[in-house]
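# Observations on the three-dimensional arrangement
Residues per chain are reported as follows:
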Amino acid sequence: MPGRLKNMVMQHFEGQDKGKLVLFALSTCGWCKKTRELIEDLDANYDYVYVDLLHGKEREEVVEMVKKWNPQVSFPTLVINDEKCIIGFKEEEIKEAIG
Amino acid sequence: MNDFDEPSEDEVNSYYKKVKEEAESSGYHLNSNPEFTKELLKSILINEKRYGYGACPCRLASGDRGDDLDMICPCDYRDLDLVDYGTCFCGLYVSGEILRGEKRLKSIPERRPSPEEREKIKRGRSKILTELSEPVWRCKVCGYLCAREKPPEICPICKVSSDRFERFM
């Protein structure tokens, strides 16, 4: 992600380093909330963004990033180490990937 | 975090009561976890304030009602997902099986077509030519059919607005 955009839109949770985790989420979504809670229970460092709270160009750019991993642009989309992506609240898969 | 004031606890509680009664009176079930369910309903109220319509809280709304008609709660995909997975995409509506605890509630795949696919579907919509005395309208939420000049203002079965109907025959 371009550094400028990252600084503007991404929120950070400080935990332990368990790889690079980027979570694309919606502020209104129940499964997104559960995903955040799980990652925080696992005490992992991660960046997240609530795409529904972005507007205009910012939102477009972030949606394009999600589309690369998940053409349906559904949430939550969790990108791990820029190489793998978990779509939806898949508890076991997330635990396996970062636990 | 939000651009608007959050709905009050009273607003959420009375909305919960209303949606629950409506669901149960027409054979649907809300998720039995009140905390999770009220959180989703609160989000629908937030979306109503934000966009002017109760967009699905687990999908990204565009702000254009016409583009989002299929995902105004209850969405066009709820009934299909209840049959296939026992839950709607959000986990707001669940099947009897899940309600009774015979099956575990899980996050399910997204059925809504991608933005590109939706564009294609829109373009590909063709006129249906028939010799019926009246056109037949279908409610895309609950499947109710009626033969009349225009669809009803409100679906008599599931209470969604007339713009959720499609010409069926």
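Presented here is a report on the structure given in the accompanying data block. (Residues numbered from 1 in each chain as written. Chains lettered and ligands numbered in written order. Predicted model: local features only at pLDDT ≥ 70, side-chain atom pairs only at ≥ 80, totals over all residues.)

### Section: the environment of Asp82(A)
One can find Asp82(A) in the loop between strand E4 (77–80) and strand E5 (84–87). Each C-alpha atom of the pair Asp82(A) and Ala97(A) lies 13 Å from the other, and the pair is 15 residues apart in sequence. (Helix = DSSP H or I, 4+ residues; strand = E, 2+ residues; numbered from the N terminus.)

### Observations regarding the pairing of strand E3 (residues 46–50) of chain A
Residue and element names in this part refer to chain A. The element E3 is largely enclosed, with a buried count of four among its five residues. Bridge count between strand E1 (residues 11–13) and E3: three bridges; the pairing is antiparallel. When the sheet's bridge partners are listed, Phe13 is paired in E3 with Tyr46. The parallel pair strand E2 (residues 21–25) and E3 is bridged by helix H2 (residues 30–41), and the resulting crossover is right-handed. (Buried ≥ 20, exposed ≤ 12 C-beta atoms within 10 Å, placed from the backbone. Pairing = 2+ DSSP bridges. Right-handed = clockwise from strand over helix to strand, strands pointing away.)

### With respect to the interface of chain B and chain A
Each partner contributes residues to the interface: chain B has 19 residues there, and chain A has 17 residues. Per-element tally for the side of chain B that touches chain A: the top contributor is helix H2 (residues 34–51) of chain B, with six residues. Partitioned by chemical class, the residues of the side of chain B that touches chain A number eleven nonpolar, six polar and two charged. (Contact = placed C-beta atoms within 7 Å. Nonpolar A, V, L, I, M, F, W, Y, C, P; charged D, E, K, R; others polar.)

### Points about the nonpolar core
Grouped together as the largest cluster of nonpolar side chains are 50 residues, with contacts concentrated most on Leu23(A), Ala25(A), Leu26(A), Val51(A), Phe75(A), Cys56(B) and Cys58(B). Contributing elements (two or more residues each) for this core: E2, H2, E3, helix H3 (56–69), E4 and helix H4 (91–98) of chain A together with H2 and strand E2 (93–94) of chain B. Beyond its immediate sequence surroundings of up to four residues, Cys56(B) is in contact with Met71(B), Cys73(B), Cys75(B), Phe89(B) and Cys90(B). Among the nonpolar cores identified, the runner-up in size contains seven residues, and Trp137(B), Val141(B), Val160(B) and Phe165(B) belong to it. (Core = buried A, V, L, I, M, F, W, Y, C linked by C-beta atoms within 7 Å.)

### Quick look at the sheet that holds strand E4 (residues 145–147) of chain B
Whether parallel or antiparallel, the strands of a sheet pair through hydrogen bonds between backbone atoms. All names here are of chain B. An order of E4-E3-E5 is seen for the three strands of this open sheet, with the pairing classed as antiparallel. The open sheet has two free edges, formed respectively by E4 and strand E5 (165–167), since each of these has just one partner strand. Recorded for the sheet is a direction-independent mean angle of 30° between the axes of neighbouring strands. In terms of strand pairing, strand E3 (residues 136–139) meets E5 through three bridges, oriented antiparallel. Following the sheet pairing, Arg138 is matched in E5 by Glu166. (Axes fitted to C-alpha atoms, helices over the stretch in contact; angles between N-to-C directions.)

### Here we look at the pairing of E3(B)
All names here are of chain B. Burial along E3 is one-sided: the face carrying Trp137 and Cys139 is buried and the face carrying Val136 and Arg138 is not. Sheet topology note: the E3/E4 ladder contains three bridges and is antiparallel. Residue pairing in the sheet places Arg138 in a bridge with Leu145 of E4. Linking E3 to E4, which pair antiparallel, is a turn of five residues; within it Gly143 sits at a positive phi near 90°.

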